[in-house]
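Here is what each chain is made of, one letter per residue.
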Amino acid sequence: MRVYFDYNATTPLAPDVIEAVARASGETFGNASSIHHFGQQAKAVLDDARSELATLIHGDPSEIVFTGGGTEADNMAIRGAAEAIEPTGRRHLIASPIEHEAVLNTLKALARRGWRTTLLPVDESGIVAPDRLREALQDDTALVSIMHANNEIGTIQPIAELAQLAHARGALLHTDAVQSVGKIPVDVRALGADLLSLSAHKFNGPKGAGALWIKRGTRMLPILTGGKHERNRRAGTENVPAIAGLGVAARLAGGKLGAEAARVAALRDRLEEGILRGVPGTAVNGTRGSRVPNTSNISFDRVEAESLLIALDLEGIAVSTGSACSSGTLEPSHVLRAMGLPTHRTQNSLRFSLGLFSTDAEVDRVVEVLPRLVEKLRNLSRKVS
Amino acid sequence: MRIVVAMSGGVDSSVAAALLAEQGHDVIGLSMQLYDQAEGQSSFGSCCSIDGLHDARRVAAAINIPHYVVNFERQFQEQVVSNFVNEYVAGRTPLPCAHCNGDLKFATLAERAASFGADAVATGHYARVEALRLAGDDSARLGQAVRPGGEDDARSRATRYVLKRGIDASKDQSYFLFSLTQAQLARAVFPVGDRPKTAVRTYARLRNLPVADKPDSQEICFIPDHDYRGFVEKQRPDTPRAGQFVDERGAVVGAHEGVHRFTVGQRRGLGLSSSPSGTPLYVLALRPAEQQVVVGPKSSLERTTLRASDVNWLIDTPTVPIRAAVQIRHRHQAAPATVRATAPGQATVTFDTPQIAITPGQAAVFYDGEIVLGGGWIES
């Protein structure tokens with residue numbers, strides 16, 4: 001049996017999503033900008049998807065811009081807003097150090113072009129304290145970008161409170177909600193954000209489709225220039241099949257948010273308990289309180305995460321160390337480091353992330369296999385040293 | 001048997017993996033990431049470059065084995081690159097591939113392999129390892145010298161592992177493997193060592209391996225532009241960058257830009273046309289303390305003796321002088337000599353006829369026919 005516990009990297013497509021992608025690839029192959037019948041059909045697919053997604057996040061369809069994924073949405077939010085705001089003289093950006101690279105490296109790119117940037121400290125559970133934001137805000141702060149839920153540890157940030165503080169100083173608030181949309185209820189109005197990024201493949205939709213929700217009235221410049229697609233906000237022929245899949249995935253996620261979240265949380269908790277009880281020298285990273293229901297990040301004393309990951313894969317169990325984007329590097333997780341964890345813990349932690357197709361049997365298998373593997377690795381490293 | 005194959009993305013290690021998989025072994029491909037690819041540094045050569053990792057992954061997919069990239073940047077720097085740089089600065093000519101084999105592939109990588117439950121580590125080297133089962137008497141007689149890794153390893157207690165040249169003499173790499181211990185050899189597998197290179201390529205084409213026609217790797221993998229001098233200067237900015245050429249009597253005959261830029265036996269690139277008598281000049285010796293490069297005629301490069309340290313014997317340490325063919329660099333025709341084990345880890349070699357350019361930092365490897373008896377690092 002193969003176990004897939006890496007849903008935060010990507011998720012398998014729901015069968016209805018596969019069907020929608022196939023249909024939009026075949027029957028409705030038209031260019032959504034074309035005037036004729038084929039174009040109209042494709043346009044209808046986009047409209048449906050936009051409505052489904054708007055419903056899921058409690059926004060208005062006109063506020064949604066489809067993108068090529070979460071990274072593009074993050075880039076569009078930060079670069080697009082920064083460029084629009086720049087003439088007003090605001091030249092300062094704020095984020096947290098545990099943001100996804102799509103945000104962190106976009107800030108770095110803007111810093112090279114003269115923007116000042118501030119990364120707020122997070123506490124040991126990976127949460128940004130609103131007071132820290134209050135202190136960091138300046139008169140010329142243009143945008144604050146704080147993720148809704150963290151990809152590595154699942155911690156949920158107090159976005160509503162942070163948004164109020166940003167707005168009080170005339171700054172916009174962007175939240176990268178790639179890891180929360182589809183997992184927990186997300187209401188853009190309740191969050192008080194101005195910009196919100198999401199990605200379809202994190203909630204059983206296809207890769208290559210995401211969206212940026214832009215609150216009506218927010219001034220933005222397009223980062224991709226070209227045709228008049230997406231109301232002049234994102235040029236380029238829309239990826240209709242993937243967006244069709246995004247729409248269906250949004251509908252499915254919205255339809256069973258509560259029940260599914262509870263089911264996955266129960267599995268995750270059982271997995272976590274099983275590991276903490278079955279494997280000595282383990283600890284949960286982050287907080288067990290405010291986090292998405294599917295994620296558990298655990299450190300294993302005296303075990304190199306890379307080795308444990310491979311050993312697990314050889315047993316048919318797929319998990320990850322930190323984010324998929326950083327595999328192949330020896331850099332300790334920037335998230336765990338920012339939380340103040342000692343170096344050894346940033347290099348011996350694994351992320352287990354569950355989802356739609358996760359089962360009790362999978363949890364049982366991991367809980368059964370892990371103690372043996374960890375003990376073996378620990379014995380070997382003891383012998384070597 | 002579960003076997004980890006060190007896959008560089010080249011044709012040899014790819015075929016090694018394919019052969020083992022075909023034989024029904026439980027094969028796991030591991031590729032070593034040896035430097036940071038993230039910062040857009042100039043990529044290393046063919047053996048450990050990002051293209052190499054990519055090719056290894058494609059081959060693993062083609063032969064349907066799991067494949068992982070393991071990060072050994074730190075270990076590579078410590079075990080191989082630092083030694084390489086320090087040797088040049090010390091006026092010696094390093095042999096990084098031998099260090100990579102003995103200290104990284106069959107050490108760090110082998111430990112990692114063991115943690116995945118693998119019984120052996122395979123590479124694409126052209127060499128052979130054979131197990132000699134010892135009879136009871138022999139076992140008792142040789143027991144002293146044979147020290148396999150685990151005390152509990154009954155298999156290797158009664159077995160002596162013999163390292164031999166690959167059967168393709170033009171590709172033989174046993175020279176780079178002399179430092180492997182019995183315990184390391186017990187777990188080493190060289191699937192292409194008993195094939196000629198042409199057969200390896202043919203096999204790769206027959207199996208449609210995506211690297212079948214990839215050129216052989218050349219030179220030092222971590223210095224793609226072959227500018228080892230620049231590499232040493234970048235890694236060790238404190239390296240002295242000026243010194244003098246002197247002749248055999250000590251007379252100054254010119255200036256140079258650092259001892260690390262030279263190797264014993266070198267003729268080209270000295271910036272000295274020739275001796276007053278008109279015969280070409282060669283580097284005879286390097287004196288890093290004085291930053292002197294001693295030059296002279298080719299005849300002065302001839303020597304009949306060398307001293308080796310860190311000697312690894314693959315047979316019982318001989319108590320009397322033995323006859324062997326001794327090879328002093330990769331492309332050297334092993335020459336008849338008498339080898340004496342003078343102290344633990346030390347040996348002297350006396351050649352029957354003078355050899356050209358005995359170079360400190362290179363290995364002296366002792367052969368009996370195609371069998372490696374042992375070897376050490378040339379000190380002088």
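Here the residue numbers are simple positions, counted from 1 along each chain's written sequence. To read the labels, note that chains go from A and ligands from 1, taken in the order they are written. Two thresholds apply to this predicted model, a pLDDT of at least 70 for residue-level local features and 80 or more for giving and counting side-chain atom pairs, whereas whole-chain, interface and lining totals are computed over all residues.

(A) Spotlight on the domain arrangement of chain B. Residues and elements named next belong to chain B. Where a domain begins and ends is set by an automatic assignment or by a domain database. Assigned domains within chain B: domain 1 (2–206), domain 2 (240–296) and domain 3 (302–378). Any residue pair is listed as a contact if its two C-beta atoms, each placed from the backbone, are within 7 Å. Contact with domain 1, which involves 5 residues of that partner, is made by 7 residues of domain 2. Under the scheme applied, nonpolar residues are Ala, Val, Leu, Ile, Met, Phe, Trp, Tyr, Cys and Pro; charged residues are Asp, Glu, Lys and Arg; polar residues are all the others, including Gly. Here the residues of the side of domain 1 that touches domain 2 are counted per class, giving 3 nonpolar, 2 polar and no charged.

(B) How the structure looks around the sheet that holds strand β7 (residues 188–189) of chain B. Residues and elements named next belong to chain B. On the basis of which strands lie adjacent, the open sheet formed by 5 strands has the order β3-β2-β1-β4-β7 and parallel pairing. Each having just a single partner strand, β3 (67–71) and β7 make up the two edges of the open sheet. Bridge analysis of strand β2 (residues 26–33) against β3 gives 5 bridges, and the strand direction is parallel. Looking at the pairing, L30 lines up with Y68 of β3. Helix-sheet contacts for helix α1 (residues 11–22) involve β1 (2–6), β2 and β4 (120–122), and the interaxial angle to β1 is about 165°. Here, any two strands with at least 2 DSSP bridges between them count as paired. Labels follow the DSSP assignment, with helices taken as runs of H or I lasting at least four residues and strands as runs of E lasting at least two, numbered in each case from the N terminus. Axis definition: a line fitted to C-alpha atoms, limited for helices to the stretch in contact. Angles are taken between N-to-C directions and run from 0 to 180 degrees.

(C) Quick look at the sheet that holds strand β12 (residues 349–353) of chain A. Residue and element names in this part refer to chain A. Read across the open sheet, the 3 strands follow the order β9-β10-β12; overall the sheet is antiparallel. Both outer strands of the open sheet, β9 (282–284) and β12, are each paired with one neighbouring strand and no more. For this sheet, the mean inter-axis angle between neighbouring strands, taken without regard to orientation, is 30°. Sheet topology places β9 next to strand β10 (residues 295–300); 3 bridges connect them, and they run antiparallel. Bridge pairing in β10 links V284 to I298. Docked against the sheet, helix α10 (residues 257–278) engages β9, β10 and β12, running at close to 10° with respect to β10.

(D) Expanded view of unusual backbone geometry. One non-glycine residue, H58 of chain A, adopts positive backbone phi at about 60°. Residue position: H58 of chain A is located in the loop between α2 (37–57) and β2 (64–67). With a phi close to 60°, A357 of chain B is a non-glycine residue in the positive phi region. Tracing the backbone shows A357 of chain B in the loop between β15 (346–356) and β16 (363–368).

(E) Just the pairing of strand β14 (residues 335–343) of chain B, in detail. Residue and element names in this part refer to chain B. Sheet analysis places strand β13 (residues 322–327) next to β14, joined by 5 bridges and oriented antiparallel. Among the inter-strand pairings, R323 is bridged to a residue of β14, identified as T338. The pairing of β14 with β15 spans 6 bridges and is classified as antiparallel. Its bridge partner being in β15, V339 is matched across the sheet by V349. Where β14 hands over to β15, the hairpin turn is made up of 2 residues, of which G345 adopts a positive phi near 80°.

(F) The domain arrangement of chain A, seen in detail. Residue and element names in this part refer to chain A. If you check the domain split of chain A, you get domain 1 (3–10 + 257–384) and domain 2 (15–255). Centre-to-centre, using C-alpha coordinates, domain 1 lies 28 Å away from domain 2. Taken together, the 25 residues of domain 1 in the interface contact 25 residues of domain 2. If you list the elements that add at least two residues to the side of domain 1 that touches domain 2, you get α10, β10 and α12 (334–338). Among the elements that take part in the side of domain 1 that touches domain 2, α12 stands out by supplying 3 residues, more than any other. Of the residues in the side of domain 1 that touches domain 2, the class split is 9 nonpolar, 14 polar and 2 charged.

(G) Representation of the interface of chain A and chain B. On the chain B side, the residues contacting the 13 residues of chain A number 14 residues. Among the elements of the structure, α11 (305–314) and α14 (360–384) of chain A are those that each provide at least two residues to the side of chain A that touches chain B. Looking at the side of chain A that touches chain B, the element that brings in the most residues is α11 of chain A, giving 6 residues.

(H) Representation of the nonpolar core in the model. Any set of buried Ala, Val, Leu, Ile, Met, Phe, Trp, Tyr and Cys residues joined through C-beta atoms within 7 Å is what this text calls a nonpolar core. Every C-beta atom is placed from the backbone, and the number of other C-beta atoms within 10 Å of a residue's own sets its class: buried at 20 or more, exposed at 12 or fewer, partly exposed in between. Formed by 138 residues in total, the largest nonpolar core has its most connected members in L308 of chain A together with V5 and A17 of chain B. Here the element with the most residues in this core is helix α4 (residues 96–115) of chain B; it accounts for 10 residues. Excluding anything up to four places from it in sequence, L308 of chain A contacts F300, V303, L350, L373, V374 and L377 of chain A. Of all hydrophobic cores here, the second largest spans 87 residues; its members include V17, A32, V65 and L107 of chain A.

(I) Spatial organisation of the packing of α1 of chain B against helix α8 (residues 197–206) of chain B. Residues and elements named next belong to chain B. At a minimum axis separation of 10 Å, α1 and α8 run at an interaxial angle of 65°. Here α1 runs over α8; the crossing is left-handed. Of the residues in α8, those in contact with V11, D12, S14 and V15 of α1 are V200, R201, Y203 and A204. Taken together, the residues that form the contact of α1 with α8 break down as 5 nonpolar, 1 polar and 2 charged. Should the near helix be turned counterclockwise from the far one by less than a right angle, the crossing is left-handed, whereas a clockwise turn marks it as right-handed.

(J) Spotlight on the pairing of β12 of chain A. Residues and elements named next belong to chain A. For β12, a buried count of 5 out of 5 residues is recorded, marking the element as mostly surrounded by other parts of the structure. In β12, alternate side chains face the same way, and those of S349, R351 and S353 on one face and L350 and F352 on the other are all buried. For β10 and β12, the ladder comprises 5 bridges, and the chain directions are antiparallel. Bridge pairing links S299 to S349 in β12.

(K) Seen up close, the environment of N204 of chain A. Residue and element names in this part refer to chain A. Structurally, the position occupied by N204 is in the loop between β7 (195–199) and β8 (210–214). N204 sits in the buried class, given 26 other C-beta atoms within 10 Å. The sequence separation of N204 and S62 amounts to 142 residues, and the corresponding C-alpha distance is 24 Å. In contact with N204, not counting residues within four places along its chain, are T11, P12, L13, A14, V17, A249, L252 and L356.

(L) Broad picture of α8 of chain B. Residue and element names in this part refer to chain B. Those residues of α8 not exposed but buried are V200, R201 and A204. One side of α8 carries all its buried residues, which in axial view fall inside an arc of 95°. Structural note: α8 exposes T198, R205 and L206 on the side pointing more than 90 degrees away from its buried face. Following α8 by one or two positions, N208 has its phi on the positive side, about 60°. Taken from the helix axis, the directions to the C-beta atoms give the arc we talk about.

(M) The packing of helix α1 (residues 15–26) of chain A against helix α9 (residues 240–255) of chain A, seen in detail. All names here are of chain A. At a minimum axis separation of 8 Å, α1 and α9 run at an interaxial angle of 150°. Put simply, α1 runs roughly antiparallel to α9. Considering how the two elements wind past one another, α1 and α9 form a crossing that is right-handed. Taken together, the residues of α9 that come into contact with α1 (itself represented by D16, V17, A20, V21, A24 and S25) are V240, P241, A242, A244, G245, V248, A249 and L252. Counted by class, the contact of α1 with α9 contains 11 nonpolar, 2 polar and 1 charged residues. By the definition adopted for this analysis, an angle is roughly parallel if under 35 degrees, roughly antiparallel if over 145, roughly perpendicular if from 65 to 115, and oblique otherwise.

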